[in-house]
Structure formats: C-alpha cells, structure tokens
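Fold and contact review
Listed below are the residues making up each chain.
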Amino acid sequence: MADFCEILVQIGDFGQFQKRLVLLCSLSIILLSFALASPIFLSKTPDHWCVDPEAKRLFNQCVWTHAQLMEHTVPRSGGYFHRCERFEWNLSRRTCEDLDHPWFFDGTQVVPCNGDWEFDSRYSTIVTEFSLVCGMSWMAGLNQIMLVSGLIISSIITGYMPDRFGRKPCFIGFMFFLGVVGVGIVLSPWYPLVLMFRFLQGFLEKGAWTSCYSLLVEFFTPENRKYVAMMTTSFFVIGMVMLPGLAYLVSSWRTLQIILTLPWFLFIPFYWLIPESPCWLLAQRKNMEALKIMAKVAKENGRSFPQNLKKQVIHLQNRSEGHRLSFLDLFKTPFIRRHTVILICIWFSNGVVFHGLVLWLTVPEHHFFEFLVASAVLLPVGIIMYLLVDRVGRRYLLAGTSLIVTIFNFAAHFIFADYTVVKKISKNIGNLAFAVMLVTLFFANAELYPTSLRNLGLSVCSSALEAAVMMSPFLVHWLKGIWHELPFCVYGLLTVVNCSLLTLLPETTGVVIPDTISEIEDQRRKLKQSKEGTVLLI
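Note that the coordinates shown come from a computational prediction; the quantities given were computed from them, not determined experimentally. Residue numbers run consecutively from 1 along every chain, following the written order of its sequence. Confidence filtering applies because this is a predicted model: local features only for residues at pLDDT of at least 70, side-chain atom pairs given and counted only at 80 or more, and all residues used for totals across whole chains, interfaces and linings. The side-chain values count all of the structure's non-hydrogen atoms but skip hydrogen atoms and water molecules.

With that settled, the discussion passes to the packing of aromatic side chains. Centres within 6.5 Å are what make two rings of Phe, Tyr or Trp a pair, Trp counting through its six-membered ring; a difference in plane orientation under 30 degrees is then read as stacked, over 60 as edge-to-face, and the rest as tilted. Taken as a whole and assessed by the stated rule, the structure comprises 15 aromatic pairs. Ring geometry for W264 versus F267: centroids 6.5 Å apart, planes at 50°, classification tilted. For the pair W264 and F267, one class covers both residues: buried. Geometrically, the ring pair formed by W347 and F442 is edge-to-face, given 6.4 Å between the ring centres and 90° between the ring planes. Here W347 is found in helix α17 (residues 334-361), whereas its partner F442 is found in helix α21 (residues 420-447), with 95 residues between them in sequence. One exposure class covers both W347 and F442, and it is buried. Taken together, W209, Y213, F236, W347 and F442 form an aromatic cluster joined through their ring pairs. Whether a charge sits over a ring depends on NZ of Lys or CZ of Arg being within 6 Å of the ring centre and within 35 degrees of the ring normal. The ring of Y271 has K168 sitting right over it, with the charged end atom 4.4 Å from the ring centre. Looking at K226, its charged tip hangs above the ring of Y386, at a distance of 4.7 Å from the centre. Three exposure classes are used, based on accessible area relative to the maximum for each residue type with a 1.4 Å probe and protein chains only: buried under 20%, partly exposed in between, and exposed over 50%. Working definition: helices are DSSP H or I runs of at least four residues, strands are E runs of at least two. Numbering for both runs from the N terminus.

Here it is, written out as structure tokens:
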C-alpha cells in the first residue's frame, strides 16, 4: 500500500471524511457487542424449584403462602432449597387438616423432579421457557456454543467474501441479515430452531466485524490506523456497558432480543452513506470507481484533487494480484505462511488463557451489576492502546500485556483468594490488560497481510481464539484429572510460548502495508537479508 498511502496523504489521510466514516461504522460495533454478549442474559438460569400439581391444589385450597408451599414440597440443605428434587407425597386424598399434624411429614422420600418447575417470576429467559434445568441444563450451554461455532465456521467463508466481493456490500449485507436472524430468534417456537439462528448469528457477526475493520483501516495511513482500533474498541465496550442495563429493565427474553435486533435495519441507508474501499477497488482493477471515491474524499477533506492521480492509479493497477485468491494463499508463500501459523498459535494460546484465567475468574456473582463493573473497567482500553501502540511497538505491547494478564490473574487465584476486594482489583487489572492485548493483536494481525488477503487472514487467524474457548473446558477437565493445579501451570507455560512466538513476527510500527503477496514477500526477504548482513559485519 506504499503508493496508495501517498495518494491518501494527497487527498487527506485524517480529515473530516475519515472521522465521519469511523463514527458511522463504529455505531454498528455497539450492536455487534450486543449480539456477542446477549446470550449471557438471554440464557440466564434463574432460581427454580419442582412443582407438584397436588401441592399446588392444596396451596390454593389451604390459602398457603409461597413460603409455606416451599417448606412442604421442596427439601433444603445448608439453608438453600434443592433445585432438582422434591418430597414424594400422596396428596390426592389429603386435606388441609392433615397437614397440620407433625406425623404427616415423617418418612417422606426425596425424589427427582418429574419435569415441572417453578421459576423466579421476575425474568423470563430461554432457560425458563424451554425448561433447560436439572437433567436438561447442559442444553442451555448450547446457546453460547452455537454462537461460537458460527464464529469459527465463518472465518473461512465470510473471511473470503469481502476480499472477493468488496468490503462495503459484505458489511451492509451481513448487518441486514443479522437483523433477519435476530427476528428469527424472537419468533422461534422450538429450542433447536433458536440454536440454528444463534449459529447463523455468530456466522454473520464475524463477517460484519472483519469487513467493517478492513474497510476502515484502508482509508488511513500507517500513522493513523490506531485511531480505527481505538474507536471500534471504545464503541464495543460502550455496548457492553449498556447491555446489563437493558437486560435488567426488560424482563422478557423475547422482548430484549427484539430490542437488540431492530436497530440492525437502521443501517440499510449506510449503503448510500459509506463508500467502498478505493484500495480494494484498485486491487480489483476498478479504476474509475476508485477515482470517483477519492475525489469525494478529497472534497470532504477540503483538499484539491491531484492532477497526476490517474497516472498513480494506473501504476497501482499494474501491481495488483493476477489471480483470484483463496484460503490456500495463506499457506503458499514462505513469509505469509509463517505469519499465518504463528498468528494462529498466538490467538489459540490467548484463547486458552482467556477461558482459564479471565472467564473462569469473572463469573458474575451479582449478575447484572458484576457484568456492568467488569465492562466499565474496560472503557480505557482503546485509549491505552492508542497511546502505547506506536510508542512501545506492537510486539512489546503484546508481550507486556500478556505477562500482566498472567501475573495478576494468578495473584487473584493463589495470593488474594481470601481477600475479596483485592482479588477483584487484581482480576480487573488482568482483564484490562487482556483486552489491550486482544485489540493490539487484532490491529497487528491486519497489518501483517497485504490488501488482497487482509480480511481472510484476519478472520482465519482470529478464529483460533473462538476454537480455543470451545476446547478449553475439555482440556481443563482432562488436566485436572492428572493434577488439580496443572491447568494453571499450562497457562503460565502458554504465556511464555506466546511471548516467544511474538519475537518471530516483524514489527509493523510505521511500516506501510504492501498491496500484494509478492510485495510482502519481497519486503520480508529484504529485511531478512539486511539483518543477516548486519550480523556478518559485526
């Protein structure tokens, strides 16, 4: 993108157009955060107890309070009522007077629930509607698993589409169909249908996120690309902060789902408000379309249209890829293959550590408030990344935050386990560091691929994190079977491996992004030769 960066400087690389574009596209990021985190609230398991139809009859006949009904029908231990067991009584011929005799309760047996439950009436969730508790509780977790599965499968298919059909049409299309899928979830009368739509939601969300990010990055020069990461991250966290408030105020899961879904359709006019990436258009040899967009960018930024721009465009056209790219192009050439393998390993190791140390330690005790606090802590993430990513460099920032994540979450588990306040502070510092690391990794990942492969490379590599989150529970279960503390030793080892792998990647601070695979291979080859020459001189 060397020559295209020169064009951006001429038409304005950080003007009114770029700021407006980032603001408009970042609004969609709020909805993406809703889609990613909403299953936590939509699938919440509220308090529940077994329902005995005959006990209900006596409840109405004897004018019992709810507390009396619970005492007479549900066993308790440790001061808590059992959720999946009840007393076995023959109440068909009993009267209110019989229950007044103490001998009536002698010898009552405790049996599993027969399939009827009473739920906390304050909230209606997917769990309450489809009775996904006790023996069926494992099915509630499928809601999140299907979402993550969609994210993983999407990495290859939707990751390829923006590089093939364009950033803009894919971005708008994914957002529209996310709205359609959300409506499908609301109208689903069966749980398997909900799961199918949840899979499609994850599938479309990954495509919307990566196509949006690639579109934005390609309107900025290397010095200003961090502004995109800061804005998109900040809006994502704002969505996370807003979500628990909406979930608290809306008691019905279907109503909450429709509130989170309908705004997707408001982005249909974006088709006329945002342009296609000129960088992508030039790579596809669509010169006239690219020139028209660049003329509009120059006008909005208050710049005059360069007279020699057509000659520069023709020069760029001659350097574009000569064939259609595919998933295999991520592994065909030496340096691209090296980047891909290393990045997949880094994303995967971060996913394992994320599940084991971050997710495991941040299970909300007070569902809505704890989630709100955990999200609010992440509000400075974008600003921290913006201030440090160029000063420190991508690799050092990634390595440093990776170590901070491990140190503070280990401290929260082993050192401050008995100190609630200190444990939460340590945990939140670790979570903040992880968020900074994740944003920086996403940012650096995009810079390590040429224009023609950027979206596919970003999508495929980052999908390793979702795969790790899915596999981690089984890995942890297996490791604990060997030694209870072994998972935490593995997390520490993965952090060391992660930092070691980062040293094998090139630093991209201030480096222009090549347009083609051949250019990036030549760039890396020259860099390697210069380093070898320096070593020989020494």
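Along the chain, V422 falls in helix α21. With eleven residues separating them in the primary sequence, V422 and A411 have C-alpha atoms 9.6 Å apart.

Right, let's get into the confidence of the model for the chain. For every residue, the predictor reports its confidence as pLDDT, a number between 0 and 100. Scored by pLDDT, the chain comes out at a mean of 81, with 83% of its residues at no less than 70. It only takes one pair of heavy atoms within 4.5 Å for two residues to be counted as in contact. Below a pLDDT of 50 lies the segment residues 361-366, which in the model reaches ten contacts outside its immediate sequence neighbourhood of four places, other chains included. Low pLDDT, under 50, characterises residues 534-538; the stretch is placed with zero contacts to residues that sit more than four places away or in other chains.

Close contact between helix α20 (residues 394-415) and helix α23 (residues 486-502) brings their axes to 9 Å; oriented N to C, the two are set at 170°. When the axis of α20 is compared with that of α23, the two are roughly antiparallel. Contacts between α20 and α23 pair R395, L398, A399, S402, L403, T406, F410, H413 and F414 from the former with F488, Y491, G492, T495, N498, C499 and L502 from the latter. The classification used treats Ala, Val, Leu, Ile, Met, Phe, Trp, Tyr, Cys and Pro as nonpolar, Asp, Glu, Lys and Arg as charged, and all other residues, Gly among them, as polar. Split by residue class, the contact of α20 with α23 holds nine nonpolar, six polar and one charged. Helix axes are fitted to C-alpha atoms over the stretch in contact, other axes to C-alpha atoms as well, and angles between N-to-C directions run from 0 to 180 degrees. Working rule for angles: under 35 degrees goes down as roughly parallel, over 145 as roughly antiparallel, 65 to 115 as roughly perpendicular, anything else as oblique.

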